[in-house]
Structures are given as C-alpha cells and as structure tokens.
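These are the residues of each chain, in order.
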Amino acid sequence: MNESIAVDLGRQALQVGFTVSLPILSVALFLGVSVSVFQAITQVQEATLTFVPKLIGIGAALVLMGNWMLTTIVSFTQACLSHAANVGKL
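Residues numbered from 1 in each chain as written. Predicted model: local features only at pLDDT ≥ 70, side-chain atom pairs only at ≥ 80, totals over all residues. Heavy atoms only, no water.

Engineer: For a nonpolar patch on the surface, give the residues involved together with the corresponding values.
Structural biologist: A cluster of nonpolar side chains, Leu-29, Val-33, Val-37 and Ile-41, forms an exposed patch at the surface whose accessible area comes to about 410 Å². With respect to the helices, strands and loops of the structure, Leu-29 is situated in helix H1 (residues 3–42). (Patch = residues over 30% accessible without salt bridge, like charges linked within 9 Å, V, L, I, M, F, W, Y side chains within 5 Å. Areas by Shrake-Rupley, 256 points an atom, 1.4 Å probe, with all protein chains shown as cover. Salt bridge = Lys/Arg side-chain N within 4 Å of Asp/Glu carboxyl O. Helix = DSSP H or I, 4+ residues; strand = E, 2+ residues; numbered from the N terminus.)

Engineer: Now, about the packing of H1 against helix H2 (residues 51–85): what can you tell me, with residues and values included?
Structural biologist: Each packed pair of helices is defined by two parameters, the angle between the axes and the distance between the axes. Following both chains from N to C, one finds H1 and H2 inclined at 175°, their axes separated by 10 Å at the closest point. Classified by the angle between their axes, H1 and H2 sit roughly antiparallel to one another. Counted by class, the contact of H1 with H2 contains 21 nonpolar, 6 polar and 1 charged residues. (Axes fitted to C-alpha atoms, helices over the stretch in contact; angles between N-to-C directions. Parallel < 35°, antiparallel > 145°, perpendicular 65-115°, else oblique. Nonpolar A, V, L, I, M, F, W, Y, C, P; charged D, E, K, R; others polar.)

Engineer: Give a detailed account of the pattern of salt bridges, specifying residues and quantitative values.
Structural biologist: Scanning all chains against the criterion turns up 1 salt bridge. For Arg-11, the salt bridge identified is with Asp-8, shortest N-O distance 2.7 Å. Here Arg-11 and its partner Asp-8 are both found in helix H1, 3 residues apart, which amounts to about one turn of the helix. For Arg-11, a relative accessible area of 44% translates into the label partly exposed. A residue is classified by how much of its surface remains accessible, and Asp-8, at 30% relative accessible area, is partly exposed. (Buried < 20%, exposed > 50% of the residue type's maximum accessible area, 1.4 Å probe, protein only.)

Geometry only, nothing functional implied.
Laid out in structure tokens, this is it:
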C-alpha cells in the first residue's frame, strides 16, 4: 500500500462520515432553531422543551435514512477490508 491509497482512504473516510451524519445533524439543527424561535416568540423558557422534538425528529430521520446510512458504511468498510487484504500482494 502506498501513500496515495492511504490518503485516498482517509479522504473517503471523512467524506463517508460527513455524508452519513449530515441528515441527523441537519434535522437536529432545524428542530433546535425552530424550538428556539418558538420559545422566543412565546417567552416559554422551559429547558426540556428542546429535547423532545429533537428526539422525535432524530428518531424519524434514523427510521427513514437508517438503511441508506448502514449500506453506505458497510460498502466503505468492505472497500477498506479489500484494500487491507491486498496489502501484502504485489
């Protein structure tokens, strides 16, 4: 294995990690901002109010996007293991 393959695998790892986490983080961000705006408008300052919508939204995102996330991670892992199997070969 030369340096270019290792750098490419590292780049792919960062890219896969970013693309897999993006749906969950975007749902949490959108719901957090929405609840904060609602709290600012209604002046309800309940600290636990932000957790329930985020928990429901992240759960829904996992149900909807979980299969895609899992297949993406599994295909990347298979690619890494195939590269690892070819390390000793010329």
